Amino acid sequence: GLASASIDVSDGLLADAGHIAAISGVGIEISAEKIPLSPAAIAWLDQQEARAAALGDIASMGDDYEILFTAPQSRRRSIDMAAQLTRTPIARLGAVTREKAVRLIADGGSEIRTPQGGFDHFRV
């Protein structure tokens, strides 16, 4: 009852954020540095020369099996309390925007361009 939209992240974070954005008629900005990473992803990222491009690759990969959701700021405290009560880790990755696009944002505020937005079931 707290989320306004949600989706499982199986096609990639950017692709699935795009599904929420398209259906909801909004945009979504994701802070690349706030994406929770597994130890294996951190180790791989640390070996990459171009960190921003590597973060873009991570955000485009599928099979994460996490839940991405949006909720109004007014529900933030309730969400934090529910996460604590259920011992469910959550991470605030970004914000809903009016731009009607999904953007991956680097620490300095620039957009990270990605060649592929995630898994596409219809791509041959």
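Residues numbered from 1 in each chain as written. Predicted model: local features only at pLDDT ≥ 70, side-chain atom pairs only at ≥ 80, totals over all residues. Heavy atoms only, no water.

Undergrad: Account for the overall build of the chain, naming residues and giving values.
TA: A tally of regular secondary structure across the chain gives 4 helices and 5 strands. Secondary structure elements of the chain, listed N to C terminal, follow the sequence β-α-β-α-α-β-α-β-β. Relative to the 2.2 N^0.38 estimate, which gives 14 Å for 124 residues, the radius of gyration of the chain is 15 Å and therefore close to what a compact globule would have. Counting only C-alpha atoms and orienting by the principal axes, one finds that the chain spans roughly 40 × 30 × 30 Å. Relative to its full complement of 124 residues, the chain shows a buried share of 32%. Carbon together with sulfur atoms contributes 53% to the accessible area of the chain, which is approximately 8,300 Å² in total. Treating the 12 positive side-chain charges of the chain as one cloud and the 16 negative ones as another, the clouds have centres 12 Å apart. (Helix = DSSP H or I, 4+ residues; strand = E, 2+ residues; numbered from the N terminus. Rg over C-alpha atoms; globule rule 2.2 N^0.38 Å. Buried < 20%, exposed > 50% of the residue type's maximum accessible area, 1.4 Å probe, protein only. Areas by Shrake-Rupley, 256 points an atom, 1.4 Å probe, with all protein chains shown as cover. Lys, Arg positive; Asp, Glu negative; His and termini not counted. Charge placed at Lys NZ, Arg CZ, Asp CG, Glu CD.)

Undergrad: Provide a residue-level description of a nonpolar patch on the surface, including the pertinent values.
TA: Nonpolar side chains collect at one region of the surface, where Ile67, Phe69 and Ile90 lie side by side and expose about 270 Å² of accessible area between them. With respect to the helices, strands and loops of the structure, Ile90 is situated in the loop between helix 4 (76-86) and strand 4 (94-97). The exposure class of Ile90 is partly exposed, given its relative accessible area of 42%. (Patch = residues over 30% accessible without salt bridge, like charges linked within 9 Å, V, L, I, M, F, W, Y side chains within 5 Å. Salt bridge = Lys/Arg side-chain N within 4 Å of Asp/Glu carboxyl O.)

Undergrad: Any chance you could break down the pairing of strand 2 (residues 27-31) for me, citing the residues and the numbers?
TA: On a regular strand, each side chain points to the face opposite its neighbour's, so the side chains alternate between the two faces of the sheet. Burial analysis of strand 2 places 4 of its 5 residues in the buried class, the great majority of the element. Sheet topology note: the strand 2/strand 4 ladder contains 4 bridges and is antiparallel. Note that in strand 4 the partner of Glu29 across the bridge is Ala95. Examined bridge by bridge, strand 2 and strand 5 (residues 102-105) share 4 bridges and lie parallel to one another. (Pairing = 2+ DSSP bridges.)

Undergrad: So what's going on with the nonpolar core? Which residues, and what values?
TA: Core analysis: the largest hydrophobic core is formed by 23 residues, its most contacted members being Leu13, Ile20, Ile28, Ile30, Ile35, Leu68 and Leu104. Setting aside residues up to four positions removed in sequence, Leu68 forms contacts with Ala5, Ser6, Ile7, Val9, Leu13, Asp16, Ala17, Ile20 and Leu93. (Core = buried A, V, L, I, M, F, W, Y, C linked by side-chain atoms within 4.5 Å. Contact = heavy atoms within 4.5 Å.)

Undergrad: Please set out the packing of helix 2 (residues 39-46) against helix 3 (residues 51-60) residue by residue, giving values where relevant.
TA: Between helix 2 and helix 3, whose axes approach to 10 Å, the crossing angle comes to 150°. In this structure, the crossing between helix 2 and helix 3 has a hand that is right-handed. Residues Ala41, Trp44, Leu45 and Asp46 of helix 2 lie in contact with helix 3, whose contacting residues are Arg51, Ala54, Leu55, Asp57 and Ile58. Considered class by class, the residues forming the contact of helix 2 with helix 3 number 6 nonpolar, no polar and 3 charged. (Axes fitted to C-alpha atoms, helices over the stretch in contact; angles between N-to-C directions. Left-handed = near helix turned anticlockwise from the far one by under 90°. Nonpolar A, V, L, I, M, F, W, Y, C, P; charged D, E, K, R; others polar.)

Undergrad: Describe the pattern of salt bridges, and please don't skip the residues or the numbers.
TA: Scanning the model with the defined rule gives 5 salt bridges in all. When the shortest N-O distance is used, the salt bridge between Arg51 and Glu33 registers 3.0 Å. In this pair, Arg51 sits in helix 3 while Glu33 sits in the loop between strand 2 and helix 2, placing the two residues 18 residues apart along the sequence. Residue classification places Glu33 among the partly exposed residues on the basis of a relative accessible area of 31%. We note a salt bridge from Glu111 to Arg113, for which the minimum N-O separation is 3.6 Å. Residues participating in the shared-partner salt-bridge network are Glu29, Glu99, Arg103, Glu111 and Arg113.

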